[in-house]
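Architecture and fold: a report
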Amino acid sequence: MVRVRGIDVHPPLLNTSCAWASDLQQLTALYDCPHTGAVSTRTATLSGFKEDSSHTVAFLAGSLSSINSYGYSPHPLSSYITWVRMLLERDSLSSKPFIISITESDPESLRKMMTAIQDLRAAHPSWHARIAIEFNASCPNIKGHPPPSYNFSSLSPFLDIFAEHFWADPTLTIGLKLPPYTMATQFDDAISGITTYTRQCGPSGQYVNPLAFLTCTNTLGNSLVFSDQTVESGADASSFALPPGIGGLAGEAIHSLSLGNVYSFSRLLAESADPALREIVIIGAGGVTSPEAVTRMHRAGAKLVGCATLLGALGIAAFAHLNREQPNAAVDGTSDSSRDKATGA
Ligand SMILES: Cc1cc2nc3c(=O)[nH]c(=O)nc-3n(C[C@H](O)[C@H](O)[C@H](O)COP(=O)(O)O)c2cc1C
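Residues numbered from 1 in each chain as written. Predicted model: local features only at pLDDT ≥ 70, side-chain atom pairs only at ≥ 80, totals over all residues. Heavy atoms only, no water.

For the protein, an unreviewed UniProt entry supplies the name Dihydroorotate oxidase and the organism Pisolithus tinctorius Marx 270. Quoted verbatim from the Pathway (unreviewed entry) field of the UniProt record, the comment on the protein reads "Pyrimidine metabolism; UMP biosynthesis via de novo pathway." (UniProt positions renumbered as here; feature names shortened; annotations may be inferred.)

Below, the structure written as structure tokens:
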């Protein structure tokens with residue numbers, strides 16, 4: 001069992017926020033699956049995102065990878081609040097938590113979302129331990145709004161609101177969804193930005209940071225795949241896999257980059273002079289398509305491991321697949337049976 005501030009996750013495996021965690025039916029299947037230790041919801045905004053046919057996903061041929069042009073969920077936060085409440089009320093014996101993924105471009109709307117989630121957490125004495133919040137600051141597919149976490153200081157007005165709610169209610173479990181970074185300065189900027197929120201608390205003088213976890217990584221933006229590179233048969237070689245052309249790459253194609261992000265953050269957090277940062281848990285995601293990839297994420301420093309592309313490819317069976325026994329778990333890179341097993345090849 002992994003404790004992330006107020007929530008317990010067991011097994012340490014979950015879906016990351018994605019299009020396959022969008023509606024009540026999908027969330028119910030994720031909640032009922034014995035191989036998920038928590039359920040992340042698709043990123044919601046206060047009023048819902050206008051989705052059209054240009055927002056879609058394609059799977060690559062020859063690699064368990066995806067490219068997508070989705071923005072955020074068309075369902076507003078109020079729908080997720082209703083669905084999470086229904087599932088929590090349905091099953092009083094379960095202790096599985098939900099991670100509600102949210103974002104907004106306007107801090108005041110974010111404040112309203114936080115109030116709504118806090119009202120839900122307060123609705124039952126045990127629900128403060130069943131609901132965490134993830135701030136998605138890294139979607140690459142929003143026109144005119146590049147992922148704000150590539151410019152970490154631009155997150156301040158939003159992190160201020162999360163911090164304000166956390167200091168008012170330190171049971172709140174808050175995480176930050178980050179994009180794949182490629183430069184040392186980007187990691188340093190994130191760490192320096194996060195540490196500014198640490199405070200020394202209570203009679204024990206313990207150092208506490210409002211952030212309990214980081215989820216690394218989101219998809220890699222500005223990626224391009226042609227139709228004849230996808231699993232779609234008879235696709236036109238001259239067209240793009242996604243209507244806009246450009247989209248967010250995920251799955252095995254970004255696995256090494258995601259591992260590198262998990263490794264870099266876990267080292268920086270562990271070596272930080274700020275004791276509160278050493279408590280931050282990493283959820284590793286990006287190309288987790290096999291039990292061997294789960295092990296690699298743990299070896300890179302992730303305490304929890306998530307997947308999205310595999311969920312899209314296999315459905316809920318993805319989690320039983322990731323929980324399989326590993327014949328050669330100790331030998332990285334030589335025993336990776338992911339693609340064959342997951343695709344049935
Ligand atoms: C179709 C699709 C939709 C996604 N939607 C979201 C989202 O709404 N919010 C979010 O934080 N991440 C979203 N992601 C990113 C995933 O949570 C995950 O971080 C990323 O895809 C890497 O994991 P993977 O290689 O297992 O797919 C989405 C990914 C995919 C493939």
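**Some details on the site of the ligand**
Inspection of the region around the ligand gives 23 residues, with Ser17, Thr43, Gly251, Gly287 and Thr309 positioned closest. Within the complex, 98% of the 600 Å² of free accessible area of the ligand lies under protein. Taken together, the elements giving at least two residues each to the shell around the ligand come down to strand S6 (65-68) and strand S14 (246-251). The class makeup of the residues in the shell around the ligand is eight nonpolar, 13 polar and two charged. (Near = heavy atom within 4 Å. Areas by Shrake-Rupley, 256 points an atom, 1.4 Å probe, with all protein chains shown as cover. Helix = DSSP H or I, 4+ residues; strand = E, 2+ residues; numbered from the N terminus. Nonpolar A, V, L, I, M, F, W, Y, C, P; charged D, E, K, R; others polar.)

**A look at the confidence of the model for the protein**
Confidence in the prediction of the protein, expressed as mean pLDDT, is 93, and 94% of residues score 70 or more. A low-confidence stretch, residues 328-335 (pLDDT under 50), is modelled with seven contacts involving residues beyond four sequence positions or located in other chains. Scored below 50 in pLDDT, residues 337-345 makes 21 contacts in the model with residues more than four places away or belonging to other chains. (pLDDT = per-residue confidence, 0-100. Contact = heavy atoms within 4.5 Å.)

**Side note on the sheet that holds S14**
Sheets are built from strands paired through backbone hydrogen bonds, the pairs being either parallel or antiparallel. The strand order across the open sheet built from four strands is S5-S6-S14-S13, with neighbouring strands paired in antiparallel fashion. Taken across any chain shown, the strands that pair with only one partner, and hence form the sheet edges, are strand S5 (57-59) and strand S13 (220-224). Geometrically, the sheet is characterised by an average inter-axis angle of 40 degrees between neighbouring strands, direction not taken into account. The pairing of S6 with S14 spans four bridges and is classified as antiparallel. What sits directly across from Ser65, in S14, is Gly251. (Pairing = 2+ DSSP bridges. Axes fitted to C-alpha atoms, helices over the stretch in contact; angles between N-to-C directions.)

**A word on the nonpolar core**
The biggest cluster of nonpolar side chains holds 72 residues, and the ones touching the most others in it are Ile102, Phe152, Phe162, Leu176, Leu214 and Phe265. A total of seven residues in this core trace back to one element, the largest contributor, which is helix H2 (residues 77-90). Filtering out sequence-adjacent residues up to four positions away, Leu176 remains in contact with Phe135, Ala137, Phe152, Leu155, Leu159, Leu211, Phe213, Leu214 and Thr215. (Core = buried A, V, L, I, M, F, W, Y, C linked by side-chain atoms within 4.5 Å. Buried < 20%, exposed > 50% of the residue type's maximum accessible area, 1.4 Å probe, protein only.)

**Here we look at the side chain of Asp274**
Tracing the backbone through its elements, the reader meets Asp274 in the loop between helix H6 (255-270) and strand S15 (281-285). Arg278 provides the closest opposite charge to the buried, unpaired Asp274, separated from it by 6.9 Å. Among the polar contacts made by the side chain of Asp274, one reaches the main-chain amide nitrogen of Ala276 at a distance of 2.8 Å. Beyond its immediate stretch of four places on either side in the chain, Asp274 contacts Thr195, Thr198 and Tyr207. (Lys, Arg positive; Asp, Glu negative; His and termini not counted. Salt bridge = Lys/Arg side-chain N within 4 Å of Asp/Glu carboxyl O. Polar contact = N/O pair within 3.5 Å; in protein donor to acceptor, adjacent residues only side chain to side chain.)

**Considering the pairing of S15**
With five of five residues buried, S15 is to be regarded as a mostly interior element. Residues of S15 alternate between two faces, with Val281, Ile283 and Ala285 on one and Ile282 and Gly284 on the opposite face, all of them buried. Here three bridges tie S15 to strand S16 (residues 304-307), and the two strands are oriented parallel to one another. Residue pairing across strands places Ile283 opposite Leu304, the latter belonging to S16. As for the winding sense of the linkage, the β-α-β connection from S15 through helix H7 (residues 291-300) to S16 is right-handed. (Right-handed = clockwise from strand over helix to strand, strands pointing away.)

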